[in-house]
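One letter stands for each residue in the lines below.
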Amino acid sequence: MATGKVRYWAAAKEAAGVAEESFEAATLDELMTKITQNRAELARVVGRSSFLVDGEPVGRRAHDTVVLGEGVTVEVLPPFAGG
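Quantities reported herein were computed from a predicted structural model and do not represent experimental measurements.

A. Here's a closer look at the overall build of the protein. Each helix and strand counted, the protein has three helices and five strands in total. For the protein, the sequential pattern of α-helices and β-strands runs β-α-β-α-α-β-β-β. Taken over the C-alpha trace, the protein has a radius of gyration of 12 Å; the compact-globule value for 83 residues is 12 Å, and the two agree within 12%. Across its three principal directions, the C-alpha atoms of the protein cover 35 × 25 × 20 Å. Residues classed as buried in the protein amount to 36% of the 83 residues present. Taken as a whole, the protein presents about 4900 Å² of accessible surface, with 50% of it coming from carbon and sulfur. Each charge class in the protein can be summarised by its mean position, and for the 9 positive and 12 negative side chains these summaries are 6 Å apart.

Quick look at the structure:
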């Protein structure tokens, strides 16, 4: 199991109530389950978000196949409105 940090941006930051937090998880799926437990608004935002793992886009890969390495940074990027 890896330890690292998760960074929240925009609506995810607002829903989480923090800009970043430490985590312990083996996969992106496990991390998403842990950070959204008892946080309904964050779960809603995360469900629509994109993710970067150490700067690399996760894209459409299944989250249970994205293995997290030690010291990794996961960024949660909700949809952004542009203009």
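B. Here's a closer look at the nonpolar core. Counting residues in each nonpolar core, the largest one holds 22 residues, and the members touching the most others are Tyr-8, Phe-23, Leu-28, Leu-31, Leu-68 and Val-74. The set of elements that each furnish at least two residues to this core consists of strand 1 (2–8), helix 1 (11–16), strand 2 (20–25), helix 2 (28–36), helix 3 (40–46), strand 3 (50–53) and strand 5 (72–77). A total of four residues in this core trace back to one element, the largest contributor, which is helix 2. Those residues within four positions of Val-74 in sequence are excluded, and the remaining contacts are Lys-5, Val-6, Arg-7, Phe-23, Leu-28, Leu-31, Leu-52, Val-53 and Leu-68.

C. Up close: helix 2. Residues of helix 2 that are buried include every one of Leu-28, Leu-31, Met-32, Ile-35 and Thr-36, and no others. Axial view of helix 2: buried residues confined to an arc of 115°, hence all on one face.

Definitions and limits used
Residues numbered from 1 in each chain as written. Predicted model: local features only at pLDDT ≥ 70, side-chain atom pairs only at ≥ 80, totals over all residues. Heavy atoms only, no water. Helix = DSSP H or I, 4+ residues; strand = E, 2+ residues; numbered from the N terminus. Rg over C-alpha atoms; globule rule 2.2 N^0.38 Å. Buried < 20%, exposed > 50% of the residue type's maximum accessible area, 1.4 Å probe, protein only. Areas by Shrake-Rupley, 256 points an atom, 1.4 Å probe, with all protein chains shown as cover. Lys, Arg positive; Asp, Glu negative; His and termini not counted. Charge placed at Lys NZ, Arg CZ, Asp CG, Glu CD. Core = buried A, V, L, I, M, F, W, Y, C linked by side-chain atoms within 4.5 Å. Contact = heavy atoms within 4.5 Å. Arc of directions from axis to C-beta.

Spatial relationships are all this shows, so hold off on functional conclusions.
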